[in-house]
Amino acid sequence: MFIPVTLKEMKERGWDRFDVILVSGDTYVDSSYNGSAVIGHWLIENGFRTGMIAQPDVTSREDIARLGEPLLFWSVSAGCVDSMVANYSATKKRRKEDDFTPGGINDRRPDRACIAYANLIRKHFKGARIVLGGIEASLRRIAHYDMWSDSVRRSVIFDAKADAITYGMAELSNLRVAKAMKDGTPWNDVRGICYISSEKMDGYQEMPSFEDCSEDINAFIDAFMMFYGNCDPLTAKGIQQRHGDRYLIHNPPSEHLTPETLDAIYGSDYENRVHPYHLKDGAVRSMETIKQSVTTHRGCYGECNFCAIAVHQGRTVISRSEDSIIREVQRIARRKGFNGTIYDVGGPTANMYMIDCLKKRQVGQCKDRRCLYPKICERLPVNHEKQISLLEKIRNVENVRRVFVTSGIRHDMVLGDRHNGKRYLDALVSDHVSGQLKIAPEHISEEVLELMGKPGKKELLEFKKMFDSSNAEHGKDQFLTYYLIAAHPGCYERHMEELRRFVTNELRTIPEQVQIFTPTPSTLSTMMYHTRRDINNEKNLKVEKSMQMKQRQKDIILGERK
């Protein structure tokens, strides 16, 4: 059932007012792939009257006022992507298209959408309570480097004049804030939120201030590493950061969801389509695949330095139950217009489903090692058996003819699974690859890979050999799609020349999926980009900041060097 977007729909539910109104930079797609929709359904199922305003016009009152004022708070999100990433390329060119906007034209999402929407609300609703959420607010919750202004910006909560940020995957924190506000009890002790205070919080670690981070790269590094080290729910402490004469108070993260709670969240009655209110403005391209795709888990063990998943979703994988996933596939397969294909069964990395580090679940993230880099930790029991079983059961669901895995896999984990790695790859090759299988080696230079936190070319070549062999065994003519990055901190043109020779001579391809590194807020690679120092603050790095020279690095690998 759709979240109400009009007063008529509100009254049809028997409500006379909303408790919470969601505001999103994406159009309203009622799907578990839409974060605002997930929060909205979760709040409604827990007794809160919740409405949705998607992509409001920031130049008028009409859109933002159409549902009235919520009793508790406005929940504001820029959408599934940071608005600056959505609106601009890595070379700062304005994007013309937007897969999350009706008609596909990028003309509805404002720059710095969290701030723009919060200002719009405050302009028309004096004294409004505003809670920021979504990936933009989550990754901009402390003093952070912003590529688009080439400066350190303060926490978005100050510029948006918001009351709180619910960061990360925020079902628990949003529900707890809503309950506290409804009951009239204090909400500032809720885990997984940030808020502004005029005083320090006793017992919280103090980061270098916004002002110090703006002026001193060492202070910026110290602040970011304290922040990054306090993202695990089992080990994190409260932290705080002075901004002028006020403090950003950053409570520890929400605890991990249980599989049962994750099942409940994904088991909601999503319509899996665009709300008719917005569909009249044109088709939404993102729906072409997500309407027949299934999320199996959250979190990622990879912890790649350039990726925001470690900070936003977490470094622990939480999987849905097999029964929950099968029920969702059955719902999809019963829908009118289903064409027999499940386009993706996966998550941030498809082949991490049901792979669980008991140590991490019990005592938290290790301080002295990573799960997959420089090699797979012996404590991580990599076994694809449950994924193989899941895919087989999905294939057997009535009306399902084809099941694909398109969200990408970690090839080093396939190699590391001595029990079922080959069996898993054989299953993919035989039944779950639609011509091409996505992997993301990103580079092959050992110097660059070390800065990225990625496995080396030896593993890549071994996996390619394994993949080619499996194709031959099954009589298939399928290919690997390689995702590569140019202009990462520490990457020189000579590294791109090395990569070019490798893909030509060893992989025998000219890759199409080459992206220029984008320093999105709150990643380790962005810290390196801004400070020109490595992760350990031990050596200087070459960082390419010229848009022309970034493009030049990309053109080397594409064979278009000028």
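Thresholds, definitions, all that
- Residues numbered from 1 in each chain as written.
- Predicted model: local features only at pLDDT ≥ 70, side-chain atom pairs only at ≥ 80, totals over all residues.
- Heavy atoms only, no water.
- Helix = DSSP H or I, 4+ residues; strand = E, 2+ residues; numbered from the N terminus.
- Expected span 1.5 Å × (residues − 1).
- Buried < 20%, exposed > 50% of the residue type's maximum accessible area, 1.4 Å probe, protein only.
- Polar contact = N/O pair within 3.5 Å; in protein donor to acceptor, adjacent residues only side chain to side chain.
- Contact = heavy atoms within 4.5 Å.
- Patch = residues over 30% accessible without salt bridge, like charges linked within 9 Å, V, L, I, M, F, W, Y side chains within 5 Å.
- Areas by Shrake-Rupley, 256 points an atom, 1.4 Å probe, with all protein chains shown as cover.
- Salt bridge = Lys/Arg side-chain N within 4 Å of Asp/Glu carboxyl O.
- Lys, Arg positive; Asp, Glu negative; His and termini not counted.
- Charge placed at Lys NZ, Arg CZ, Asp CG, Glu CD.
- Pairing = 2+ DSSP bridges.
- Axes fitted to C-alpha atoms, helices over the stretch in contact; angles between N-to-C directions.
- Parallel < 35°, antiparallel > 145°, perpendicular 65-115°, else oblique.
- Left-handed = near helix turned anticlockwise from the far one by under 90°.
- Core = buried A, V, L, I, M, F, W, Y, C linked by side-chain atoms within 4.5 Å.
- Phe/Tyr/Trp six-rings, centres within 6.5 Å; stacked < 30°, edge-to-face > 60°.
- Lys NZ or Arg CZ within 6 Å of the ring centre and 35° of its normal.

Participant: Describe helix H9 (residues 217-228), naming the residues involved and giving the relevant values.
Facilitator: One full turn of an α-helix is made of 3.6 residues, so residues set three or four places apart face in the same direction. Helix length check: H9, at 12 residues, gives a terminal C-alpha distance of 16 Å against a target of 16 Å (1.5 Å per residue), a fit within 8%. Looking at H9, one finds that the buried residues are Ala219, Phe220, Ile221, Ala223, Phe224, Phe227 and Tyr228. Regarding H9, its N-cap is Asp216, as a side-chain oxygen of that residue lies 2.9 Å from the backbone nitrogen of Asn218 further along.

Participant: Describe the side chain of Ser525, listing the residues and the values that go with them.
Facilitator: Assignment of secondary structure puts Ser525 in helix H22 (residues 524-531). Excluding anything up to four places from it in sequence, Ser525 contacts Asn305, Phe306, Leu451, His488, Pro489 and Phe517.

Participant: How would you summarise a negative patch on the surface if you had to cite specific residues and measurements?
Facilitator: On the surface, a cluster of negative charge is made up of Asp212, Glu215, Asp216 and Asp222. You can see Asp212 is positioned in helix H8 (residues 210-215). What makes Asp212 partly exposed here is its relative accessible area of 38%.

Participant: Give a detailed account of the pairing of strand E12 (residues 246-250), specifying residues and quantitative values.
Facilitator: Among the 5 residues of E12, 4 are classified as buried, and the element is accordingly described as predominantly covered. Pairing geometry for strand E9 (residues 193-197) and E12, over 4 bridges, is antiparallel. Paired with Tyr195 across the two strands is Ile249, which belongs to E12. Where strand E11 (residues 239-243) meets E12, 5 bridges bridge the pair, whose relative direction is antiparallel. Residue pairing across strands places Arg242 opposite Tyr247, the latter belonging to E12. In sequence, E11 turns back onto E12 through a hairpin of 2 residues, with Gly244 there showing a positive phi of about 65 degrees.

Participant: Just give me the short version of the sheet that holds strand E3 (residues 50-54), but keep the residues and values in it.
Facilitator: Pairing is mixed across the open sheet formed by 9 strands, whose spatial order is E3-E1-E4-E5-E8-E9-E12-E11-E10. Only two strands of the sheet have a single partner each, and these edge strands are E3 and strand E10 (205-206). Of the pairings in the sheet, the one linking strand E8 (residues 164-166) to E9 comprises 2 bridges and is antiparallel in character. Bridge assignment links Thr166 to a residue of E9, and that residue is Ile193.

Participant: Please set out the packing of helix H2 (residues 35-45) against helix H7 (residues 171-183) residue by residue, giving values where relevant.
Facilitator: Helix-helix packing is characterised by the crossing angle of the two axes and by the distance between the axes. Where H2 meets H7, the axes come as close as 10 Å, and the angle between the chain directions of the two elements is 45 degrees. Taken together, the axes of H2 and H7 are oblique relative to one another. Our pair here, H2 against H7, has a crossing hand that is right-handed. The segment H2 lies against H7, with Val38, Ile39, Trp42 and Leu43 engaging Glu171, Leu172, Asn174, Leu175 and Ala178.

Participant: Could you give an account of the nonpolar core, naming the residues involved and the relevant values?
Facilitator: Formed by 151 residues in total, the largest nonpolar core has its most connected members in Trp74, Leu132, Ile342, Ile409 and Phe463. The element contributing the most residues to this core is helix H4 (residues 113-124), with 7 residues. Here Leu132 is in contact with Val76, Cys114, Ala137, Val156, Ile157, Ala160, Ala162, Ala164, Ile165 and Thr166, once residues within four sequence places are set aside. Core analysis: the next-biggest nonpolar cluster, separate from the first, contains 11 residues, Cys300, Met352, Cys357 and Leu380 among them.

Participant: Residues and numbers for the environment of Ile196, please.
Facilitator: Position of Ile196 among the secondary structure elements: in strand E9. Exposure remark for Ile196: the relative accessible area of 23% places this residue in the partly exposed category. With residues up to four places along the chain from it excluded, the contact list for Ile196 reads Ile157, Phe158, Ala162, Arg246 and Tyr247.

Participant: I'd like a rundown of the packing of aromatic side chains, residues and numbers included.
Facilitator: Evaluated as defined, the whole model comprises 9 aromatic pairs. When the centroid spacing of 6.0 Å and the interplanar angle of 80 degrees are considered together, the rings of Trp15 and Phe18 count as edge-to-face. The two residues Trp15 and Phe18 agree in class, both being buried. By the ring-pair criterion, three or more aromatic residues cluster together here, those being Tyr145, Phe517 and Tyr529. The ring of Phe48 has Lys182 sitting right over it, with the charged end atom 5.4 Å from the ring centre.

Participant: Which residues make up the pattern of salt bridges, and what are the values?
Facilitator: A full pass over the atoms with the stated rule returns 34 salt bridges. Between Arg49 and Asp16 there is a salt bridge, with its nearest N and O atoms 2.9 Å apart. Within this pair, whereas Arg49 is found in the loop between H2 and E3, its partner Asp16 is found in the loop between helix H1 (7-12) and strand E1 (20-24), the two being separated by 33 residues in sequence. Among the ionic pairs, Glu493 bridges to Arg552, the shortest N-O distance being 2.6 Å. Separated by 59 residues along the polypeptide, Glu493 in helix H21 (residues 493-505) and Arg552 in helix H23 (residues 547-558) bring together distant segments of the chain. Because the salt bridges share partners, they merge into one network encompassing Asp82, Arg112, Arg140 and Asp146.

Participant: Please set out unusual backbone geometry residue by residue, giving values where relevant.
Facilitator: Across the junction of Tyr373 and Pro374, the peptide omega takes the value 5 degrees, indicating a cis bond. Secondary-structure assignment places Pro374 in the loop between helix H15 (358-363) and helix H16 (385-395). Positive phi, normally seen in glycine, also occurs at Arg532, with a value near 60 degrees. Inspection of the secondary structure assignment puts Arg532 in the loop between H22 and H23. Arg532 gets classed as partly exposed once you look at its relative accessible area, which sits at 36%.

Fair warning: the whole summary comes from geometry, so function is off the table for now.
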